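Here is how the chains run, residue by residue.
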Number of protein chains: 2
Amino acid sequence: MYIELNRDGRKSLPTQISEALGSRISSGLLERGARLPSVRKLAVALKVSQVTVSKAYAELERQALIHCEHGLGCFVSDADQKKGHEEAYWPQQYDDYLPRAQLWRNFDYSEVKYPFHLAAIHAEMLPLKPIGAQMASLVLEQPELMATYGNFQGDHELRETMKAHLQERGIILPSANLMITSGSQQGIDLVARTFVGPGDTVYMEAPSYTGAIDVFAGRGAEMIFVPMDSEGMRVDILTKLCDQRPPKLIYTCPTFQNPSGVTMSTARRQRLLELARSYRCLIVEDDPFSDLYFHMPPPPPIKSMDVEGHVVYMKSFSKVLAPGCRIACVAAEGNILSRLIAAKSASDLGSPLLTQRAVLPFIAKKYNAYAENLRVALHNRMEKASKLLKQYAPSNVSWVLPAGGLSLWLELPATTDITELHALAKRKSISFLPGDVCYSGETKSRHIRLCYAQLSEADMEQGLILFFTLLSDYLKKG
Amino acid sequence: MYIELNRDGRKSLPTQISEALGSRISSGLLERGARLPSVRKLAVALKVSQVTVSKAYAELERQALIHCEHGLGCFVSDADQKKGHEEAYWPQQYDDYLPRAQLWRNFDYSEVKYPFHLAAIHAEMLPLKPIGAQMASLVLEQPELMATYGNFQGDHELRETMKAHLQERGIILPSANLMITSGSQQGIDLVARTFVGPGDTVYMEAPSYTGAIDVFAGRGAEMIFVPMDSEGMRVDILTKLCDQRPPKLIYTCPTFQNPSGVTMSTARRQRLLELARSYRCLIVEDDPFSDLYFHMPPPPPIKSMDVEGHVVYMKSFSKVLAPGCRIACVAAEGNILSRLIAAKSASDLGSPLLTQRAVLPFIAKKYNAYAENLRVALHNRMEKASKLLKQYAPSNVSWVLPAGGLSLWLELPATTDITELHALAKRKSISFLPGDVCYSGETKSRHIRLCYAQLSEADMEQGLILFFTLLSDYLKKG
């Protein structure tokens, strides 16, 4: 098992080891009943003393994440404690470099009827018909588009369309500075694999997007979570932190932040950019939601103020057009971009040309009018959801009404056992995103995220009433 | 600049540094005219002495890859030596973890008329119509397929189809052991990011697939290239090498190997698997070509003999069906597979459902008959190409007729300057794959790869005649 250890004394080695193992256990990478490496073996592998590993195991045992049996070894805890005593199958001992996979754990369960954990838009609100019609005519009239590898940077015509789209939003760049990726998840991954390595410092909002945390964890980065207030990331605190640990990269979702919904003010955006300039580092500006405002348009993107190429800007069209088309656009400068394109080549040989061409005319001609309607529809959804919240949720649950985006971020009473609540909800075929997965390490969050957009309106209402009732009962009982 | 150094004394530090920089220069990651870090700065970053860095720079200067000027610094060489003296733009100093990108460099130039470097199949031979018709009916009748994220492991129905497909080829596994990826490039990348890290030993054939080398290089692996003979990888030599450096992973393309065309014998396949068992390591079996045989079917896949989960098998449908659909299937066991699925989640949230469903009925019902015709068509292509070779190519060029696959692997006289030849060819709008990129580091190859399948037949003939004539003239002149 490969664990990235920082020996700068900020955090004890046993804590680092127990947190790393805890992450693997909570995301399911270490399966229930799996046998952990022996203390001696792990000590050798990590180049630490056996006492250090023993302390880490003791801490995990204290948290009931593992149980150790004299002469047999330590095992990941299981409701059915009988498992795991047989000789381990060799692949369990085959080392990996995957410290965490909360996205995997918390994204993809199709077995629940009310998947409120998933931030997505229901098919009835998406422009699937015009995109489908375009795709049908492409495959019938130009089937050779399916025979062509897209070039690594992405289709030239789509990049021209994206250029015009970004220009309307204040980002003025030639299409040569744009790259098409398979969703912004891939964009974040490409930045991480290209520019972030073991021990590099990545700053991000507390809380932040699970998928980004997974990716930076996978690179062995030291992630530092910066508190937010109503104006977004506390850049004053960030500035002080940077004094101690210069940033390699700052990841932010400044508009209707995922998961908190908070929007960063213009002043903060400017100060963040200045900070990046003074440290000569990159900002990854993840922007899936800026077109989804309910009242006023949000402040201009940080990228629109960037003259020296400090911002890698990611605009996702996945959620708002057709998640299955997996189209996002990355804007970056000079050899920052060329290195990202090189990384893209090794990761998948380029995104398919057909899907790029299928969304092109819609983005070029119909997107703005569509977005206007979508905003109204989502605003209605949000209002309905918050009305149900007021009506059914217990009074010791608090939230701030979002000004855009797809989700509500609820704060539960300090005593709530969110893991238990989650298990109860799932038994009623309801899921939500527990706030814990929006941090790395051991941070315990009192928050949960609920998306109000991915179900039909009737299902959303029904599901939310069910859930809020369950929540009320649960909190009363506790 | 981040360079992975091995301090085990097998290769001197200056050589490792000069090779690492040489790779970045030859793949274009370090641009012409770019200023290298100062000797002092690089020495600090890599924790080596300034003498070590000076030696590395001297070696690069000897190879004319860089030029150094007193008081100004060292610059990547450029035909126009005037560039690069202005103050470096900050991103050039922004460190990356991308040691090489030959795929990026050698794949994607659409500006040549005769792209023989690209191993692909021309649209006229591909089943684009039935796949296109299926896709059109899906988007019109089930547009909601575009609204759905595919699950990370891949569509259940497609995995069932793949299961039957693999079963006919001797690989008997439940669909739970299969995963769908965006081409096998992504499959290789997922294995590498999950299981390969700095200093891990990866064995592969000499020569090997450029895209795999890029990926393992990106993980900081120590790649060791094992010689081949007519029966494939020399497993006897590999066995001895493993005594000194136990393998973390063995990467092989055993059937119509890319780029050499060689097929591994059944006996070698068995011995390779035994070796992996004794070292408890993984074999990545990359299999894009086994259905493309010209005479006899090739030996059964290594995976078909694997009972303990040592083989991660990759079957690409990209090249043979529709490169733009990017469909490949990965077969692996237990928590080897589950960790790969977790890695897939972080890299792109899963492959699109629509393309998976679009190829499904073709693979289920028509693939075998199609493959039979495709074999005939490719065999004809290969025979035409080899006839032209005999007729037009100089007598000091040698090759072995491939028994399947898409490419010819030519050996040129030892004195040939392949870089110069490549530049000449490109001026006539012809490209080929230089053998050098099928190795890591400084290995000089006398080989080039030409694909006979990706152009129309007329263009192929015309292009090959042009190229062989140019080659003749060039070798005569030399």
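Please refer to the structure placed before this passage.
Residues numbered from 1 in each chain as written. Chains lettered and ligands numbered in written order. Predicted model: local features only at pLDDT ≥ 70, side-chain atom pairs only at ≥ 80, totals over all residues. Heavy atoms only, no water.

Colleague: Please clarify how the relation of the copies chain A and chain B should be interpreted in this entry.
Modeller: In this arrangement, two copies of a chain are superimposed by a rotation about an axis accompanied by a shift along the axis. Of the two same-sequence chains, chain A is brought onto chain B (RMSD 0.0 Å, axial shift 0.0 Å) by a rotation of 180°. As the rotation angle and translation indicate, the two copies are arranged about a two-fold axis. Residues of chain A ranked by C-alpha distance from the rotation axis are headed by A:Ala136, positioned 2.1 Å from it. When you check the interface residues of chain A against chain B, 100% turn up at the interface there too, and the contact is symmetric in its surfaces. (Least-squares fit on C-alpha atoms with pLDDT ≥ 70 in both. Contact = heavy atoms within 4.5 Å.)

Colleague: Is there a simple way to think about the sheet that holds strand S16 (residues 433-434) of chain A in this case?
Modeller: The pairing of strands in a sheet happens through backbone hydrogen bonds and is either parallel or antiparallel. Residue and element names in this part refer to chain A. Overall, antiparallel pairing links the four strands, which are arranged S13-S14-S17-S16 in an open sheet. The outermost strands of the open sheet, each flanked by one partner alone, are strand S13 (398-399) and S16. In this structure, S16 lies alongside strand S17 (residues 447-451), joined through two bridges in antiparallel fashion. Looking across to S17, one finds that proline 434 is bridged to isoleucine 448. (Pairing = 2+ DSSP bridges. Helix = DSSP H or I, 4+ residues; strand = E, 2+ residues; numbered from the N terminus.)

Colleague: When you look at the environment of A:Thr201 in this model, what are you seeing that I'm missing?
Modeller: Residue and element names in this part refer to chain A. The topology assignment puts threonine 201 in strand S5 (residues 201-205). Under the relative-accessibility criterion, threonine 201 is labelled buried at 5%. For the pair formed by threonine 201 and arginine 245, sequence separation is 44 residues and the distance between their alpha carbons is 7.0 Å. Dropping the residues within four chain positions of it, threonine 201 is found in contact with Glu222, Ile224, Arg245, Pro246, Pro247, Lys248 and Leu249. (Buried < 20%, exposed > 50% of the residue type's maximum accessible area, 1.4 Å probe, protein only.)

Colleague: Teacher, can you tell me more about the nonpolar core here?
Modeller: Soluble, globular proteins show a tendency: their nonpolar side chains are buried together. Counting residues in hydrophobic clusters, the biggest one holds 292 residues, and the most contacted among them are A:Phe216, A:Leu321, A:Phe467, B:Phe216, B:Leu321 and B:Phe467. Not counting chain neighbours up to four residues away, the residues in contact with A:Phe467 comprise A:Ala425, A:Ile430, A:Phe432, A:Ile448 and A:Leu450. (Core = buried A, V, L, I, M, F, W, Y, C linked by side-chain atoms within 4.5 Å.)

Colleague: In this structure, what is going on with the pattern of salt bridges? I would like to understand it.
Modeller: When the charged atoms of two side chains lie near each other, side chains of opposite charge can form a pair. Summed over the entire model, instances satisfying the criterion amount to 50 salt bridges over all chains. For A:Asp229, the salt bridge goes to A:Arg268, with nearest N and O atoms at 2.9 Å. With A:Asp229 in strand S7 (residues 228-229) and A:Arg268 in helix H10 (residues 266-279), this pair connects stretches of sequence that are 39 residues apart. Judged by its relative accessible area of 9%, A:Arg268 is buried. In this structure, B:Lys11 and B:Glu19 form a salt bridge, with 3.0 Å as the shortest nitrogen-oxygen distance. We classify B:Lys11 as partly exposed; its relative accessible area is 40%. According to the relative accessible area criterion, B:Glu19 is buried, its value standing at 14%. Because the salt bridges share partners, they merge into one network encompassing A:Glu124, A:Arg381, A:Lys384 and A:Glu457. (Salt bridge = Lys/Arg side-chain N within 4 Å of Asp/Glu carboxyl O.)

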